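Inside the fold
Residues per chain are reported as follows:
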Amino acid sequence: MLLPLLQRFPEQVRVSLFHTPNLRGLLRLLIPERFNETIGLQHIKVYLFDNNVILSGANLSDSYFTNRQDRYVFLQDCVEIADFFTELVDAVGDVSLQLQGDDTVQVVDGMVHPYKGDRTAYCKAANKRVMDVINSARTRQQMLHAQTFHSDSLLTQEDAAAAGDRRPSPDTWIYPLIQMKPFEIQIDEIVTETLLTEAERGAKVYLTTGYFNLTQAYMDLVLGTRAEYQILLASPEVNGFFGAKGVAGAIPAAYVHIERQFYSEVCSLGQQERVQLQEYWRRGWTFHAKGLWLYLAGSSLPCLTLIGSPNFGYRSVHRDLEAQIAIVTENRALQQQLHQEQEQLYLRSGVVSSATFEQPSRQVKLWVKMVTPLIKNFF
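Just so it is clear, the model here is predicted, and its values are computed rather than measured. (Residues numbered from 1 in each chain as written. Predicted model: local features only at pLDDT ≥ 70, side-chain atom pairs only at ≥ 80, totals over all residues. Heavy atoms only, no water.)

**A look at the overall build of the protein chain**
- The number of helices and strands found in the protein chain is 11 helices and 17 strands.
- Over its C-alpha atoms the protein chain spans a radius of gyration of 22 Å, differing by no more than 12% from the 21 Å that the globule rule assigns to 379 residues.
- By its C-alpha atoms, the protein chain is 70 × 60 × 35 Å across when sized along the principal axes.
- Across the 379 residues in the protein chain, those meeting the buried criterion constitute 45%.
- Considering only contacts in the protein chain between residues 6 or more positions apart, those separated by 24 or more positions represent 74%.
- Approximately 20200 Å² of the protein chain is accessible, and the part contributed by carbon and sulfur atoms is 54%.
- Looking at charge distribution, the protein chain has the averaged site of its 35 positive side-chain charges lying 8 Å from that of its 41 negative ones. (Helix = DSSP H or I, 4+ residues; strand = E, 2+ residues; numbered from the N terminus. Rg over C-alpha atoms; globule rule 2.2 N^0.38 Å. Buried < 20%, exposed > 50% of the residue type's maximum accessible area, 1.4 Å probe, protein only. Contact = heavy atoms within 4.5 Å. Areas by Shrake-Rupley, 256 points an atom, 1.4 Å probe, with all protein chains shown as cover. Lys, Arg positive; Asp, Glu negative; His and termini not counted. Charge placed at Lys NZ, Arg CZ, Asp CG, Glu CD.)

**A few points about the sheet that holds strand β5 (residues 72–75)**
- The 3 strands are arranged β2-β3-β5 in an open sheet whose pairing can be described as antiparallel. Across the chains shown, the open sheet's two edge strands, defined by having one partner strand only, are β2 (46–49) and β5. Taken pair by pair, the neighbouring strands of this sheet meet at an average axis angle of 15°, ignoring direction.
- In terms of strand pairing, β2 meets strand β3 (residues 52–56) through 4 bridges, oriented antiparallel. Along β3, the bridge assignment pairs L48 with V53. (Pairing = 2+ DSSP bridges. Axes fitted to C-alpha atoms, helices over the stretch in contact; angles between N-to-C directions.)

**Thoughts on the nonpolar core**
- Membership of the largest hydrophobic core comes to 44 residues, with the highest contact counts inside it found for I231, F262 and L292.
- Those elements giving two or more residues to this core turn out to be α6 (187–198), β10 (204–209), α7 (216–224), β11 (228–234), α8 (251–268), β12 (275–280), β14 (291–295) and β15 (304–308).
- At 8 residues, the largest contribution of residues to this core is made by α8.
- Listed in part, the 34 residues of the second largest apolar core include A82, F84, I178 and I327. (Core = buried A, V, L, I, M, F, W, Y, C linked by side-chain atoms within 4.5 Å.)

**Topic: a nonpolar patch on the surface**
- A surface patch of nonpolar side chains, about 370 Å² in accessible area, is lined by M1, L2 and L5.
- Positionally, L5 belongs in helix α1 (residues 3–8). (Patch = residues over 30% accessible without salt bridge, like charges linked within 9 Å, V, L, I, M, F, W, Y side chains within 5 Å. Salt bridge = Lys/Arg side-chain N within 4 Å of Asp/Glu carboxyl O.)

**Quick notes on the packing of α8 against helix α11 (residues 366–375)**
- Where α8 contacts α11, the two axes come as close as 9 Å, and the packing angle between them is 75°. Classified by the angle their axes make, α8 and α11 are roughly perpendicular. Contacts between α8 and α11 involve A253, A254, H257 and I258 on the former and, on the latter, V368, K369 and T372.
- A per-class count over the contact of α8 with α11 returns 4 nonpolar, 2 polar and 1 charged. (Parallel < 35°, antiparallel > 145°, perpendicular 65-115°, else oblique. Nonpolar A, V, L, I, M, F, W, Y, C, P; charged D, E, K, R; others polar.)

**Let's talk about the packing of aromatic side chains**
- This model, assessed by the stated rule, comprises 12 aromatic pairs.
- When the ring of Y122 is compared with that of F183, the centres are 5.9 Å apart and the planes differ by 70°; the resulting orientation is edge-to-face. Of this pair, Y122 sits in helix α4 (residues 119–150) while F183 sits in the loop between β8 (172–180) and β9 (185–186), and the two are 61 residues apart along the sequence. For the pair shown, Y122 and F183 are each scored as buried.
- Where F212 meets F262, the ring centres are 5.3 Å apart and the plane angle is 70°; that geometry is what we call edge-to-face. Of this pair, F212 sits in the loop between β10 and α7 while F262 sits in helix α8; the two residues are 50 residues apart in sequence, bridging distant segments of the chain.
- Three or more aromatic residues joined by ring pairs form one cluster here, namely Y206, W293, Y295 and Y346.
- The ring of Y115 is capped by R28, whose NZ or CZ atom sits 3.8 Å from the centre of that ring. (Phe/Tyr/Trp six-rings, centres within 6.5 Å; stacked < 30°, edge-to-face > 60°. Lys NZ or Arg CZ within 6 Å of the ring centre and 35° of its normal.)

**Details of the UniProt feature "domain: PLD phosphodiesterase" (unreviewed entry) in the protein chain**
- When the UniProt feature table is mapped to this numbering, "domain: PLD phosphodiesterase" (unreviewed entry) covers residues 38–64.
- Helix makes up 0% of residues 38–64 and strand 33%. Its end C-alpha atoms lie 21 Å apart. (UniProt positions renumbered as here; feature names shortened; annotations may be inferred.)

**What about the pairing of β10?**
- Across the 6 residues that make up β10, a large majority, 5, are buried.
- Both β10 and β11 contribute to a ladder of 6 bridges, which runs parallel. Within the sheet, the bridge partner assigned to V205 lies in β11 and is Y229.
- Of the crossover connections in this fold, the one passing from β10 over α7 to the parallel β11 is right-handed.
- Where β10 lies against β14, 5 bridges are found, and the strand directions are antiparallel. When the sheet's bridge partners are listed, V205 is paired in β14 with L294. (Right-handed = clockwise from strand over helix to strand, strands pointing away.)

**Considering the sheet that holds strand β7 (residues 105–107)**
- Strand order in the open sheet formed by 3 strands is β1-β6-β7, and the pairing between neighbours is antiparallel. Strands at the two margins of the open sheet, each flanked by one partner only, are β1 (16–17) and β7.
- One ladder, built from 3 bridges, connects strand β6 (residues 97–99) with β7; its direction is antiparallel. Along β7, the bridge assignment pairs L99 with V105.

**Focus on the environment of T329**
- Tracing the sequence through the fold places T329 in strand β16 (residues 321–329).
- It is 5.3 Å that separates the C-alpha atoms of T329 and C303, two residues lying 26 residues apart in sequence.
- With sequence-adjacent residues up to four places away left out, T329 is seen in contact with D171, T172, C303, L334, Q335 and L338.
- At 2.9 Å, the side chain of T329 forms a polar contact with the backbone nitrogen of N331. (Polar contact = N/O pair within 3.5 Å; in protein donor to acceptor, adjacent residues only side chain to side chain.)

What follows is the structure, encoded as structure tokens:
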């Protein structure tokens, strides 16, 4: 699909194809193409146009423009974020295979091959390339922060107003969170765990994922902390794999099994009031939305959201390349928009109870139950 574009505009088009270093040797030969993405892939979804950025969990296939539910945030004229993600895309491109006009691929000069070269050497080189981008952005932000908040030479707000500078002090902060465990980069994981740990009694966390398969660490935090949780997940009928042929057709049932196990644990701990599961359903649609909204105790509006590619599952944390942003805001209009987004998603859901699992569509075959613990780290 992209080859004609590359051939026609070789000076303007670059196509980089990421290949996980974990798929190599015999494993690479044995796993069919349809399933080899389970070992790890490039999962980041970022769309850059000059200084404008769209962050999402959505791909560019037809269904996302018609009947597949996802989330999107548009950051307009946001130079710092645009620069950061441009550099990040370049870095991931550099550690990927480069498509050539003759339909072959090559590595960037000086880069280790992801599956033919030494795995440790490749991961070390990839870590350096990506961390250079992160550290450079961090340094720029520290300098900007110092200029904005700590410079002695800055005018007071009254002086600035008198001089005609009416720019308000910032009320919204955006933190890019990167997760690339194969390269030992786990910023997103650390921040997400910290958020779940620090959420206080009375706070509300709305967490949504199209594929409910929380890591054990996230699960333990949800069950062991004091905040209230409302977790939105896909009902089997709106799972992207519903009705698929072969083994893939059993994936929605595997998610139902994981959901039931989690619900049972919530009940056995007597946490049904504090931790609530809800299933999204919409006729003719599939569900792919992921993210989190944090409402502080006593507040009816969120002050923070996470939005991007991670699903909070094993693959997102351990296998894939992921990116999302944390938006922290005191801006009431933005808080209301985020609240409205959350409400619209949850309005199309029903609360999960023990009766949910008695429905005929929720009966999971024995072989699926037996296989799920073995394969849950791959989807």
